[in-house]
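Residues per chain, in single letters:
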Amino acid sequence: MSDKAITRALLSVSDKTGLADLGAALAARGVELVSTGGTAKALREAGLEVRDVSDLTGFPEMMDGRVKTLHPKVHGGLLALRDNPEHVAAMEAHDIGAIDLVVVNLYPFEATVAKGADRAEVIENIDIGGPSMVRSAAKNHGFVTILTDPADYPALLQELEAHDGATSQAFRTRMAGKAYARTAAYDAAIASWFAFSPTASDEPTQFPETLPMAFKRADTLRYGENPHQSAAIYVPQVIGARGVPQAAQLQGKELSYNNLNDADAALELAAEFAGQEPAVVIVKHANPCGVAQGGSLLEAWEAALACDSVSAFGGIVAVNCELDGATAEAIAGIFTEVVIAPSISAEAREIFGRKKNLRLLESGALPDPRRAGLAMKTIAGGLLLQSRDAGAVTRDDLKVVTKRAPTDQELKDCLFAWTVARHVKSNAIVYAKDGATAGIGAGQMNRRDSARIAAIKAKEAAETHGWDAPRTHGSAVASDAFFPFADGLISAAEAGATAVIQPGGSIRDDEVIAAADAAGLAMVFTGMRHFRH
């Protein structure tokens, strides 16, 4: 197959960005413009001569525009193989003219759903004729050029210039692939709406028989977790989605796979404290290594850093409020890969500007930690899917199971430690005191070792800062799942913890409670666990 000249183009677009300029460029090359409804009107207003599709088909647009391009004179002109004598004869017999270029973008279904439209409006924004023309043109890309994205208009005009009014096979093939990706994503969005939206159905399902998914590549990355792995980032085609991919990068090198993963972990934990007193989260390898709240952001930073200043080197920092200059100056004092905040003051931007390689992100609104949604993980031969861990507990949910009830401060520290623990890889142990983490143990194969590692880190911090005792003394300790044996709890008591928060539910709960009573600990059960593998 070779270059194919364009003599007739059919244009029918919802997004009219660049339409007038494209139409003018095609008309200047003598291309006949055929169009529908609002697109034809826009082209005429631009001073261009346009032939209506109804003139081409001999049928008027009808049923509120639902039927206008679903006709043999349209699809015959798109699907006919120009080098097949039988196809050519059929075109001549039925007066079907060839269509060489189709420019279509679809009804804004995704945007209509995103704005909260009612069911009737959403249904009317399910495009039928558009996808049909796109698929027909893309199937016959040996002869027909299909464009579904205004961003490709300049590339088309470059093709026409380079090939004397024609397009190359390579260009048509590339655009056909892009067109099928668009219709696949469009259908996936519609199927997702029917499956998941209460607007679509009185009985939305969480796990449909067929899982429709549509993600758009936002960027290719330098490499994955390791240099020998390739990587890219994709975002859902949902307007209004918020997170690290939607944050504005104000400075620094491009974000790596690990930067994105760690920044997400940090932002998700910072979001737990939205609307509360200033909070700082320091993350390393997707695990928090220091978290604190304070009367000021600078106080929170100092307390978070003190928890584990060794791990904080080369870490990711997220905060829950505007990042000010004083805190920026302190953060800039150590090597930091990424800083992310809802907003960043001009003074803070200037300070970070001295660290050219530091990646500075402004997220805008924080993600909702209680939002619904699905989490997925690939395994060999399949995909695991589950609802997001959006569970949370309040004071009223806690059950005191020991002889001694926790004090008000111990309860505050228990809930703070519990909030952090749900963001730590299992097995997770978090000591907290006065609104700051005192030691974090993550990702161990048993809970006792996590308790001991967290205590060791707290002891090292005390030695580093010259404190009289580790901050685990008088702390609350959170365990993401129940203590299967008393040994983990005993390790926490030996580290100086005075209160414990854990899910409960072990067959040895009585043994663990007895050990807590023997050590004089106060312990509360949440009835909810937070494994994070």
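See the structure shown above.
To start, this report covers the structure provided alongside it. (Residues numbered from 1 in each chain as written. Predicted model: local features only at pLDDT ≥ 70, side-chain atom pairs only at ≥ 80, totals over all residues. Heavy atoms only, no water.)

1. As for the packing of helix α8 (residues 129–139) against helix α10 (residues 169–196)
Here is the rule we go by: Think of each axis as a best-fit line through the C-alpha atoms, taken over the contacting stretch in the case of a helix, with angles from 0 to 180 degrees between the N-to-C directions. Secondary structure elements follow DSSP: runs of H or I of four or more residues count as helices, runs of E of two or more count as strands, with numbering from the N terminus. Should an angle fall under 35 degrees it is called roughly parallel, over 145 degrees roughly antiparallel, and 65 to 115 degrees roughly perpendicular, with every other angle called oblique. The crossing is said to be left-handed when, going from far helix to near helix, the turn is anticlockwise and less than a right angle, and right-handed when the turn is clockwise. Throughout, a contact is declared for two residues whenever any of their heavy atoms are within 4.5 Å. Only Asp, Glu, Lys and Arg are considered charged in this grouping, and only Ala, Val, Leu, Ile, Met, Phe, Trp, Tyr, Cys and Pro are considered nonpolar; every other residue, Gly among them, is considered polar.
Where α8 meets α10, the closest approach of the two axes is 9 Å, and the angle between their N-to-C directions is 150°. Here α8 lies roughly antiparallel to α10, going by the angle between them. Relative to α10, the crossing made by α8 is left-handed. Between α8 and α10, the contacting residues are Pro131, Val134, Arg135, Ala138 and Lys139 on the first element and Ala176, Ala179, Tyr180, Thr183 and Tyr186 on the second. Looking at the contact of α8 with α10 residue by residue, the class counts come to seven nonpolar, one polar and two charged.

2. What to know about the pattern of salt bridges
Under the convention used in this document: Salt bridges are counted wherever a side-chain nitrogen of Lys or Arg sits within 4 Å of a carboxyl oxygen of Asp or Glu. The classification of residues rests on relative accessible area computed with a 1.4 Å probe and restricted to protein chains. Under 20% of the type maximum is buried, over 50% is exposed, and intermediate values are partly exposed.
Across all of its chains, the model carries 25 salt bridges by this definition. A salt bridge links Glu272 to Arg370; the nearest nitrogen and oxygen atoms lie 2.6 Å apart. Within this pair, whereas Glu272 is found in the loop between α11 (257–271) and β11 (279–284), its partner Arg370 is found in the loop between β15 (359–362) and β16 (374–379), the two being separated by 98 residues in sequence. Classification of Glu272 as buried rests on a relative accessible area of 8%.

3. Digging into the environment of His163
Put simply, the rule reads: Polar contacts here mean pairs of N or O atoms no more than 3.5 Å apart (in protein, one a potential hydrogen donor and the other a potential acceptor; neighbouring residues in sequence count only if both atoms are side-chain atoms).
Note on placement: His163 falls in the loop between α9 (153–162) and β7 (166–167). Counting along the chain gives 160 residues from His163 to Asp3, while the straight-line C-alpha distance between them is 7.3 Å. Look past the residues within four positions of His163 in its chain and what remains in contact with it is Asp3 and Ser168. Among the polar contacts made by the side chain of His163, one reaches the side chain of Asp3 at a distance of 3.0 Å.

4. What to know about the packing of helix α18 (residues 486–494) against helix α19 (residues 509–518)
Contact pair α18 / α19: the axes reach a minimum separation of 9 Å and the direction vectors enclose 20°. Relative to α19, the element α18 lies roughly parallel. Where α18 crosses over α19, the two elements pack in a sense that is right-handed. On the side of α18, the interface is formed by Ala486, Leu489 and Ile490, while α19 contributes Glu511, Val512, Ala515 and Ala516. When the residues that make up the contact of α18 with α19 are grouped by side-chain class, the tally is six nonpolar, no polar and one charged.

5. Some remarks on the packing of aromatic side chains
In plain terms, the rule: In summary, the pairing rule links any two rings of Phe, Tyr or Trp, Trp by its six-membered ring, whose centres are within 6.5 Å, and it sorts them by plane angle into stacked for under 30 degrees, edge-to-face for over 60 and tilted for everything else.
What the rule picks out here adds up to five aromatic pairs. Seen from their ring centres, Trp193 and Phe194 are 5.0 Å apart, and the 70° between their planes marks the pair as edge-to-face. What makes Trp193 buried here is its relative accessible area of 5%.

6. Some details on helix α5 (residues 85–93)
Two residues of an α-helix separated by three or four positions point the same way, owing to the 3.6 residues in each turn. Here α5 starts with a cap whose side-chain oxygen sits 2.9 Å from the backbone nitrogen of Glu86, and that cap is Asn84. Immediately beyond the C-terminal end of α5, within one or two residues, lies Asp95, with a positive phi of roughly 55°.

7. Section: a nonpolar patch on the surface
Put simply, the rule is: Patch definition: residues with relative accessible area over 30% and no salt bridge; like charges joined within 9 Å; nonpolar side chains (Val, Leu, Ile, Met, Phe, Trp, Tyr) joined within 5 Å. Here, Shrake-Rupley sampling with a 1.4 Å probe gives the accessible areas, and only protein chains in the shown set may cover a residue.
Residues Met213, Phe215, Tyr234, Met376 and Leu383 make up a contiguous nonpolar surface patch of about 460 Å² in total accessible area. Position of Tyr234 among the secondary structure elements: in strand β9 (residues 231–236).

8. Brief notes about unusual backbone geometry
Of note, the amide linkage connecting Ser426 to Asn427 takes the cis form, showing an omega dihedral of -5°. Position of Asn427 among the secondary structure elements: in the loop between α16 (408–421) and β19 (429–433). In the Ramachandran plot, His285 falls in the positive-phi region, its phi being about 55° despite a non-glycine side chain. The residue His285 is located in the loop between β11 and β12 (287–293) in this model. Its identity as a non-glycine residue notwithstanding, Asp434 has a phi of 55°, on the positive side. Summarising the element assignment, Asp434 is placed in the loop between β19 and β20 (436–441).

9. Concerning helix α17 (residues 447–465)
Under the convention used in this document: To estimate how far a helix should reach, multiply one less than its number of residues by 1.5 Å. Starting at the helix axis, one direction is taken to each C-beta atom, and the arc is that of these directions.
For α17, with 19 residues, the first-to-last C-alpha span of 27 Å sits near the 27 Å given by 1.5 Å per residue. Buried within α17 we find Arg447, Ser450, Ala451, Ala454, Ala455, Ala458, Ala461 and Ala462. For α17, the arc enclosing every buried residue in end-on projection is 130°, short of the 170-degree limit, so these residues lie on one face. What points out from α17, more than 90 degrees from its buried face, is the exposed set Lys459, Glu463 and Thr464. Looking at the packing, one finds that the buried side of α17 touches α12 (297–307), β19, β20, β21 (476–479) and α18. At the N-terminal boundary of α17, the capping side chain belongs to Asn446, with an oxygen 3.2 Å from the backbone nitrogen of Arg448. Just beyond α17, the residue with positive phi is Gly466, at close to 70°.

10. Focus: the layout of surface pockets
In plain terms, the rule: The pocket and cavity definitions rest on a 1 Å grid over protein atoms only: a 1.4 Å probe that fits but cannot leave marks a cavity, an open set with protein on both sides within 12 Å along at least five of seven lines marks a pocket, and residues lining either have an atom within 4 Å of a point. Grid points are joined across faces, edges and corners, and a volume is the space filled by probe spheres set on the points.
Volume-wise, the second largest pocket comes out at about 690 Å³. Every residue lining the second largest pocket is counted, 23 residues in all, and those nearest its centre are Glu110, Thr148, Arg182, Lys216 and Gln237. Contributions of two or more residues to the lining of the second largest pocket are made by α6 (109–114), α10, β8 (215–221) and β9. When residues in the lining of the second largest pocket are grouped by element, the largest group, four residues, is from α10. Each residue belonging to the lining of the second largest pocket can be placed in one class, and the counts come to twelve nonpolar, five polar and six charged.

11. As for the pairing of strand β3 (residues 32–35)
The cut-off we apply is this: The criterion for strand pairing is that DSSP finds at least two bridges linking the strands in question. Handedness rule for crossovers: strands pointing away from the viewer, path from the first strand over the helix to the second running clockwise, crossover right-handed.
Looking at chain direction, strand β2 (residues 8–13) and β3 are connected through four bridges and run parallel. In the sheet register, Arg8 faces β3, and the bridge partner there is Glu32. With helix α1 (residues 19–28) bridging β2 and the parallel β3, this β-α-β connection has right-handed handedness. As paired strands, β3 and strand β4 (residues 51–52) are joined by two bridges and run parallel to one another. Residue Val34 lies in a different strand from β4, and its bridge partner there is Arg51. A crossover connection joins β3 to the parallel β4 through helix α2 (residues 37–45); in handedness this β-α-β unit is right-handed.

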